[in-house]
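Take a look at the letters that make up each chain.
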Amino acid sequence: MFPVRQPWLCKALGCYDCCIRCIGAVPYPSLVATLLFYAGMALFCGCGHEALSQTEVLVETYFARNVQDFVVMASFIKYFQFVIYGLASFFFLYGILLLAEGFYTTSAVKQTFGEFRSTHCGRCLSLTFIIVTYILAFIWLAVFAFTAIPVFFLFNMEQTCHNINILAETTPSINQHGWICMDARQYGLLPWNAMPGKACGMTLASICKTSEFHVTYDLYIAAFAGAGITLLALFLYLAATTYNYAVLRFLGRKGVR
């Protein structure tokens, strides 16, 4: 993986010095960003896929009686799951390319291996990666904000159930907490003519105690965290590649080609 142009170099310097040179050529920021990148994408894609499946079961079981009421949402879930498959494949390959670009620019910047030099084509390639990563970071920022919506919905649902349980313990009358509801139609999960479309009172409290609710909530939190880790990795990639590109430009102006 390292651009060693002189095989006799390791023999002349010795094993220790050669290892030091190889370790010095490792792009540690890009390596850390790659690990974060893959960890975040694994969390987002895996947990997001399962969370969508659990959401379909949760809404179908407790918020919609007619199959036609959630057919649009089911189609959207299937479509988004295929999008997740595509995202996982694309970002897996893109992470490898970014890591390889990090090795190239780091070795070119440090001038570690004799005749290895940066070229005009290499600098253009680095600039292309910076632009593409910059665009992807802003797109992923929107994805990160979008993943907060189901977490917000389920968090509100959990807090509502907590309030219902408190009222149920303090007041024996059902009317005191029967008016507290969660309406899935307000969040766009169901059309406005869906029946019942909402859950109220102790019915809502019983939903919050089911395993489907807790599993879905935890999966969405994990997917949200994965999206945040991926966004952090993209910004770390940007910082590392921008720095290396700036140094390459500086070396180019100094006549180091």
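Attention here is on the structure that accompanies the text.

About the thresholds
- Residues numbered from 1 in each chain as written.
- Predicted model: local features only at pLDDT ≥ 70, side-chain atom pairs only at ≥ 80, totals over all residues.
- Heavy atoms only, no water.
- Helix = DSSP H or I, 4+ residues; strand = E, 2+ residues; numbered from the N terminus.
- Contact = heavy atoms within 4.5 Å.
- Phe/Tyr/Trp six-rings, centres within 6.5 Å; stacked < 30°, edge-to-face > 60°.
- Buried < 20%, exposed > 50% of the residue type's maximum accessible area, 1.4 Å probe, protein only.
- Arc of directions from axis to C-beta.
- Core = buried A, V, L, I, M, F, W, Y, C linked by side-chain atoms within 4.5 Å.
- Disulfide = S-S within 2.5 Å.
- Patch = residues over 30% accessible without salt bridge, like charges linked within 9 Å, V, L, I, M, F, W, Y side chains within 5 Å.
- Areas by Shrake-Rupley, 256 points an atom, 1.4 Å probe, with all protein chains shown as cover.
- Salt bridge = Lys/Arg side-chain N within 4 Å of Asp/Glu carboxyl O.

**Here we look at the environment of A88**
1) Next: Tracing the backbone shows A88 in helix α4 (residues 71–110).
2) Next: C-alpha of A88 to C-alpha of M41: the two residues are 47 residues apart in sequence and 6.8 Å apart in space.
3) Next: The contact partners of A88, leaving out residues within four places of it in the chain, are M41 and C45.

**Looking at the packing of aromatic side chains**
1) Next: In this structure the tally under the stated criterion is 15 aromatic pairs.
2) Next: A centroid spacing of 5.6 Å and a plane angle of 35° characterise the contact between Y38 and F92, whose relative ring orientation is tilted. Here F92 lies in helix α4 and Y38 lies in helix α3 (residues 28–62), a separation of 54 residues in the sequence.
3) Next: Given a relative accessible area of 46%, F92 falls into the partly exposed group.
4) Next: Taken together, a centroid distance of 6.0 Å and an interplanar angle of 25° make the contact between F76 and F80 stacked.

**Thoughts on helix α6 (residues 201–208)**
Side chains of residues three or four places apart in an α-helix project in the same direction, reflecting 3.6 residues per turn.
1) Next: Within α6, burial applies to G201, L204, A205, I207 and C208. In an axial view of α6, the angular spread of the buried residues amounts to 155°, which keeps them on one side of the axis.

**Side note on the nonpolar core**
1) Next: F63, W140, L154, M157, L190 and L204 are the most contacted members of the largest nonpolar core, which has 52 residues in total.
2) Next: Looking at this core, the elements that each hand over two or more residues are α3, α4, α5 (120–170), α6 and α7 (211–253).
3) Next: Sorting elements by how many residues they give to this core places α7 first, with twelve residues.
4) Next: Setting aside chain neighbours within four positions, we find L154 in contact with F213, T216, Y217 and Y220.

**Some details on the state of the cysteines**
Put plainly, two cysteines are in a disulfide when a covalent bond ties their sulfur atoms together.
1) Next: By the definition in use, this model includes one disulfide.
2) Next: Each disulfide pairs two cysteine sulfurs, and for C161 the partner residue is C208, the sulfurs being separated by 1.8 Å. Here the disulfide of C161 and C208 is right-handed, its torsion about the S-S bond being about 55°. Here C161, found in helix α5, pairs with C208, found in helix α6; they are 47 residues apart in sequence, far enough to count as distant. One exposure class covers both C161 and C208, and it is buried.
3) Next: As a non-bridged cysteine, C45 has C47 as the owner of its nearest cysteine sulfur, 9.8 Å distant.

**Observations regarding the environment of L234**
1) Next: Within the secondary structure, L234 is located in helix α7.
2) Next: Overall, L234 belongs to the buried group, its relative accessible area being 0%.
3) Next: For L234 and L136, which are 98 residues apart along the polypeptide, the C-alpha to C-alpha distance reads 7.9 Å.
4) Next: If sequence neighbours within four positions are ignored, L234 has contacts with F37, T133, L136, A137 and W140.

**Considerations on a nonpolar patch on the surface**
1) Next: Together, L127, I131, Y134, I135, F138, I139 and L141 make up an exposed nonpolar region whose accessible area comes to about 660 Å².
2) Next: Mapped onto the elements of the fold, I135 is located in helix α5.
3) Next: Here I135 falls in the partly exposed class, since its relative accessible area comes to 46%.

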